[in-house]
Amino acid sequence: MNVRAMAATILCDVMEGASLSDALSKRVMKWKDARDEALLQALCYGVCRGYFRLDAVLKKCLDNPIKPRDQDIDCLLRVGLYQLMDMRVPTHAAVAETVNAVRALKKPWAKGLVNAVLRHYLREAEIINREIEKDETAFYSHPGFMIDFTKKDWPDDWQAILTANNQHPPFSLRVNLAKITREKYLEKLTANGMIAQAIQETEAGITLTKPCEVADLPGFLQSEISVQDGAAQLAGELLDVKPGQRVLDACAAPGGKTTHILERTPRLQKLIAVDRDEKRLNRVSENLARLHLVADLVLADAGHINTWWDGVLFDRILLDAPCSASGVIRRHPDIKWLRRAADIPALAKEQGRLLTALWPTLKPGGLLVYVTCSVYALENARVVEAFLTTHPDARIEKIRATFGKECAVGRQILPGMHGMDGFYFACLRKYQEGVNNAY
């Protein structure tokens, strides 16, 4: 299979609504040459990351738009342009291999078109690049509504946020402190020729200078390490779970925060992990098995408590609410294409529904940590503020930390801050007279 043709096919799946990770796993076979597999990943992620910039360039190189039935050729042209604009592939190879890919797509008529578009760009690259810099959507390679949301919420940081979204994410790990200290694991990495440093804002986070296959990590098979961004690790720390407590992890998949809670606090009374996606809940099960941990898994909508809750109150609740994922775009660049402006208020409504539904399951004095991987206030502080106005027994608990930025309520890490993804956190304590409200 031609790598560039396969990339175009996968990108077509994304354009039709599939996530990039799902489209890759569905289409990718084990390549005989690992370099081809790496090239395929680089092309797909690169085109998604630069989609709106490539779109602006493509429009300047085409006399007429590509017909909808030929979306694979449209995607192939973006693959070709991405190579010429952002990769170290020799120019002649990028053009020739992209032109040859039309055969694998069974559209030989497009050979001349692909060749003409790529050579058009090469002839006028300087002029075209200068022109697209005047267009914010093309320059920052984000849809207009995302730029507008980011400007409104972060007037002093919007450019840094959009720029960070277009960078490659770091390869971050979480050390299982029940098995080994972070210092000892760093020594183990050094002994294996791997360069890494501690994520100072976390208890157990490490960032590797160079990514690698997880199976190549020392101690991975011995449950000493998991892959998890530093910001995601803060959720488990803020939850402040104690032995003997009963804990709910709502919207738990794929299980990184579930396993972190269990690693940090042995001898829990019970941890229940709820998720409504069966496939993703299976990943929670797989992660628990690898780390030799135990939790009760429940396939359900966490907000429909009458379908799964046994009536016993929780000491701690982690609500990692479904969101726009605008804080993790550098890991999932297809979000820029798949997300729509109307999704944001709809998601905020869903977040409020879950928060309201789960609150009665929390003990007086208990703590609920509300988390999203969004940078938009509509999904974060405004959801919590609206909840507080209708729940007099809910008190915001100030997060005493130096990471990120303090918000009206809660705290926000912006993409790239401390080398982390963009995450929002708010801690809500259930208050009741005559009860220990800080246990």
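See the structure above.
Quick caveat, the model's predicted, so the values are computed rather than measured.

Caption draft 1: Layout of the layout of surface pockets. Reported here for the second largest pocket is a volume of approximately 190 Å³. If you go around the second largest pocket, you meet 13 residues; those closest to its centre are Leu 62, Asp 63, Asn 64, Ile 66 and Leu 113. Top element by residues in the lining of the second largest pocket is helix α7 (residues 111-132). It accounts for 4 residues. Classifying every residue of the lining of the second largest pocket by side-chain character gives 8 nonpolar, 2 polar and 3 charged.

Caption draft 2: Spotlight on the packing of helix α5 (residues 71-86) against helix α6 (residues 91-104). Between α5 and α6, the least distance of the axes is 9 Å, while the angle of their chain directions is 170 degrees. Taken together, the axes of α5 and α6 lie roughly antiparallel to each other. Residues Ile 73, Leu 76, Gly 80, Gln 83 and Leu 84 of α5 form the contact with α6, whose own contacting residues are Thr 91, Ala 94, Val 95, Thr 98, Ala 101 and Val 102. Split by residue class, the contact of α5 with α6 holds 7 nonpolar, 4 polar and no charged.

Caption draft 3: How the structure looks around the pattern of salt bridges. Under the criterion given, the structure shown has 28 salt bridges. The partner of Arg 330 in a salt bridge is Asp 421, with the nearest N and O atoms 3.0 Å apart. Here the residue Arg 330 occupies a position in the loop between β8 (314-320) and α15 (335-338), and Asp 421 occupies one in the loop between β12 (411-413) and β13 (423-430), the gap between them amounting to 91 residues. For the pair Arg 330 and Asp 421, a shared accessibility class is recorded, and that class is buried. Its salt-bridge partner being Arg 331, residue Asp 421 comes within 2.6 Å of it at the nearest N-O pair. Linking Asp 421 in the loop between β12 and β13 with Arg 331 in the loop between β8 and α15, this pair joins segments that are 90 residues apart in sequence. The exposure class assigned to Asp 421 is buried, which follows from its relative accessible area of 2%. Where salt bridges share partners, they join Asp 55, Lys 59, Asp 74 and Arg 78 into one cluster.

Caption draft 4: A look at the side chain of Asp 421. In this structure the side chain of Asp 421 is engaged in a polar contact, spanning 3.0 Å, whose partner is the side chain of Arg 330. Not counting residues up to four positions away in its chain, the partners in contact with Asp 421 are Asp 229, Ala 231, Gly 327, Val 328, Arg 330, Arg 331, Ile 413, Leu 414 and Pro 415.

Caption draft 5: Seen up close, the environment of Thr 307. Residue placement: Thr 307 occurs in the loop between β7 (296-299) and β8. Separated by 32 residues in the primary sequence, Thr 307 and Asp 275 place their C-alpha atoms 12 Å from one another. Here Thr 307 is in contact with Ala 300 and Asp 301, once residues within four sequence places are set aside.

Caption draft 6: Expanded view of the packing of aromatic side chains. Applying the stated criterion across every chain yields a total of 11 aromatic pairs. Look at Phe 139 and Tyr 140: their rings are 4.9 Å apart centre to centre, the planes differ by 90 degrees, and that puts the pair in the edge-to-face class. Classification of Phe 139 by relative accessible area gives partly exposed; the value is 43%. Taking the centre distance of 6.3 Å and the plane angle of 90 degrees together, the rings of Phe 145 and Phe 149 count as edge-to-face. In this pair, Phe 145 and Phe 149 are both assigned in helix α9 (residues 144-153), 4 residues apart and thus about one turn of the helix distant. What links up through ring pairs into an aromatic cluster is the set Tyr 51, Phe 52 and Trp 337.

Caption draft 7: Looking closely at the nonpolar core. Core analysis: the largest hydrophobic core is formed by 77 residues, its most contacted members being Leu 248, Trp 308, Leu 319, Leu 368, Tyr 370 and Phe 425. With near-sequence residues (within four places) excluded, Leu 319 lies in contact with Ala 250, Cys 251, Leu 354, Leu 355, Leu 358, Leu 368, Val 369, Tyr 370 and Val 371. In this structure, Leu 54, Tyr 82, Ala 94 and Ala 110 belong to the second largest nonpolar core, which totals 52 residues.

Caption draft 8: Representation of unusual backbone geometry in the model. For the bond running from Ala 253 to Pro 254, omega is 5 degrees, close enough to zero to count as cis. Mapped onto the elements, Pro 254 comes out in the loop between β5 (246-250) and α13 (256-264). We note that Asp 240 has phi near 50 degrees; this positive angle belongs to a residue other than glycine. Note that Asp 240 resides in the loop between α12 (230-239) and β5.

Caption draft 9: Representation of helix α11 (residues 182-191) within the structure. Those residues of α11 not exposed but buried are Arg 182, Tyr 185, Leu 186 and Leu 189. Take α11 and look down its axis: the buried residues cluster within an arc of 105 degrees, on one side only. The outward face of α11, more than 90 degrees from its buried face, is lined by the exposed residues Glu 183, Thr 190 and Ala 191. Turning to α11, the residues buried within the fold contact β1 (171-175), β2 (196-198), β3 (205-208) and β4 (225-227).

Procedures and definitions
Residues numbered from 1 in each chain as written. Predicted model: local features only at pLDDT ≥ 70, side-chain atom pairs only at ≥ 80, totals over all residues. Heavy atoms only, no water. 1 Å grid on protein atoms, 1.4 Å probe; cavity = no way out; pocket = protein on both sides within 12 Å on 5 of 7 lines; lining within 4 Å. Points joined across faces, edges and corners; volume = space filled by probe spheres on them. Helix = DSSP H or I, 4+ residues; strand = E, 2+ residues; numbered from the N terminus. Nonpolar A, V, L, I, M, F, W, Y, C, P; charged D, E, K, R; others polar. Axes fitted to C-alpha atoms, helices over the stretch in contact; angles between N-to-C directions. Parallel < 35°, antiparallel > 145°, perpendicular 65-115°, else oblique. Contact = heavy atoms within 4.5 Å. Salt bridge = Lys/Arg side-chain N within 4 Å of Asp/Glu carboxyl O. Buried < 20%, exposed > 50% of the residue type's maximum accessible area, 1.4 Å probe, protein only. Polar contact = N/O pair within 3.5 Å; in protein donor to acceptor, adjacent residues only side chain to side chain. Phe/Tyr/Trp six-rings, centres within 6.5 Å; stacked < 30°, edge-to-face > 60°. Core = buried A, V, L, I, M, F, W, Y, C linked by side-chain atoms within 4.5 Å. Arc of directions from axis to C-beta.

Geometry only, nothing functional implied.
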